[in-house]
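Breakdown of the fold
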Amino acid sequence: MKGSLFSSEVSEPYAQALMSLAQAHNITESLGEDIKAIARLLAESPDLSALINNPTVSEEDKKRVLERIVGREINPYLMNFLRLLVDKKRLMFLEPICQQFLVLLRKLNNTVLAEVTAARGLTRDQERAITDKVKQLTHAQSVELNVTVDPALLGGVIIKVGSQVFDTSLRGQLRRLSLNLGSSL
């Protein structure tokens, strides 16, 4: 359900409402950090995701679990928002709401998300070089890197910013070479 049109129709208004609340109280950045932490927690904990999506778990139990896990660590406005999602039976949309909020925050801050796939982990200098190049290409004020490692690339990186893809991987270069050789025969 996460990628469906219905999910989008539900998550966008909630994310926009949360962004309006954050802007009204001048807490967009701190709320953004809290949202990132929740999104990470959901991605890393299949048990938590299963609990959130389980219709047989009572609303009170869901609230108690959320309060134990994140209650003291996040902004009280966000905790109230999570309670509201439970009450409205919309907690199952928490992950897409978080993602949509982060999209809105990036727009607000003129930040782009660069999804980087590398053959091995990147050094700080490499991350800095990629960030600088993406800033130059997109004219963004800042860049948020999301790095994943794929040893099948053999070397180099693939950088995806929005719908643009910059493939400097060895695998990509070999594929292009193969296509060029095939077309010249």
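Bear in mind that the values here come from a model prediction, so they are computed numbers and not experimental data. (Residues numbered from 1 in each chain as written. Predicted model: local features only at pLDDT ≥ 70, side-chain atom pairs only at ≥ 80, totals over all residues. Heavy atoms only, no water.)

Turning our eyes to something else, we now look at the overall build of the protein. Per the secondary structure count, the protein includes eight helices and four strands. Scanning the protein from its N terminus toward the C terminus, one meets helices and strands in the order α-α-α-α-α-α-β-α-β-β-β-α. Principal axes of the C-alpha set define a box for the protein whose edges measure 65 × 35 × 30 Å. Summarising the internal contacts of the protein: among those between residues at least 6 apart in sequence, 66% fall at separations of at least 24. Carbon and sulfur atoms form 53% of the exposed surface of the protein, whose accessible area is close to 11300 Å². (Helix = DSSP H or I, 4+ residues; strand = E, 2+ residues; numbered from the N terminus. Contact = heavy atoms within 4.5 Å. Areas by Shrake-Rupley, 256 points an atom, 1.4 Å probe, with all protein chains shown as cover.)

Throughout the structure, instances matching the rule amount to nine salt bridges. A salt bridge links Asp87 to Lys63; its shortest N-O distance comes to 2.6 Å. With Asp87 in helix α5 (residues 76–87) and Lys63 in helix α4 (residues 59–70), the pair connects residues that are 24 residues apart, well separated along the chain. Judged by its relative accessible area of 13%, Lys63 falls in the buried class. Note that Arg128 is salt-bridged to Asp125, the shortest N-O span being 2.8 Å. On the criterion of helical spacing, the pair formed by Arg128 and Asp125 is a turn pair, its members being three residues apart in helix α7 (residues 124–138). Take Arg128: its relative accessible area is 46%, and that puts it in the partly exposed class. Salt bridges sharing common partners tie together Glu33, Lys36, Arg106 and Glu144. (Salt bridge = Lys/Arg side-chain N within 4 Å of Asp/Glu carboxyl O. Buried < 20%, exposed > 50% of the residue type's maximum accessible area, 1.4 Å probe, protein only.)

As a further point, take the environment of Asn54. Relative to the assigned elements, Asn54 resides in the loop between α3 (46–53) and α4. The partly exposed category is assigned to Asn54, whose relative accessible area is 28%. Separated by 37 residues in sequence, Asn54 and Leu91 place their C-alpha atoms 10.0 Å apart.

Let us look at the environment of Arg106. Among the structural elements, Arg106 can be located in helix α6 (residues 94–109). Of the residues examined, Arg106 reaches a relative accessible area of 12% and is grouped as buried. A C-alpha to C-alpha distance of 14 Å links Arg106 and Gln23, two positions 83 residues apart in sequence. Those residues in contact with Arg106 that sit more than four places away from it in its chain are Thr111, Val112, Leu113 and Glu144. Polar contacts involving the side chain of Arg106 include one to the side chain of Glu144, which spans 3.3 Å. (Polar contact = N/O pair within 3.5 Å; in protein donor to acceptor, adjacent residues only side chain to side chain.)

Sheet architecture is open: four strands sit in the order β2-β1-β3-β4, paired in mixed fashion. Two strands bound the open sheet, and with one partner strand each, they are β2 (142–149) and β4 (164–167). Shown here is a sheet whose adjacent strand axes are inclined to one another by a mean of 20°, direction ignored. The pairing of strand β3 (residues 157–161) with β4 spans four bridges and is antiparallel. Note on β4: the bridge partner recorded for Val161 is Gln164. (Pairing = 2+ DSSP bridges. Axes fitted to C-alpha atoms, helices over the stretch in contact; angles between N-to-C directions.)

None of the figures reported here should be taken as evidence of function without further support.
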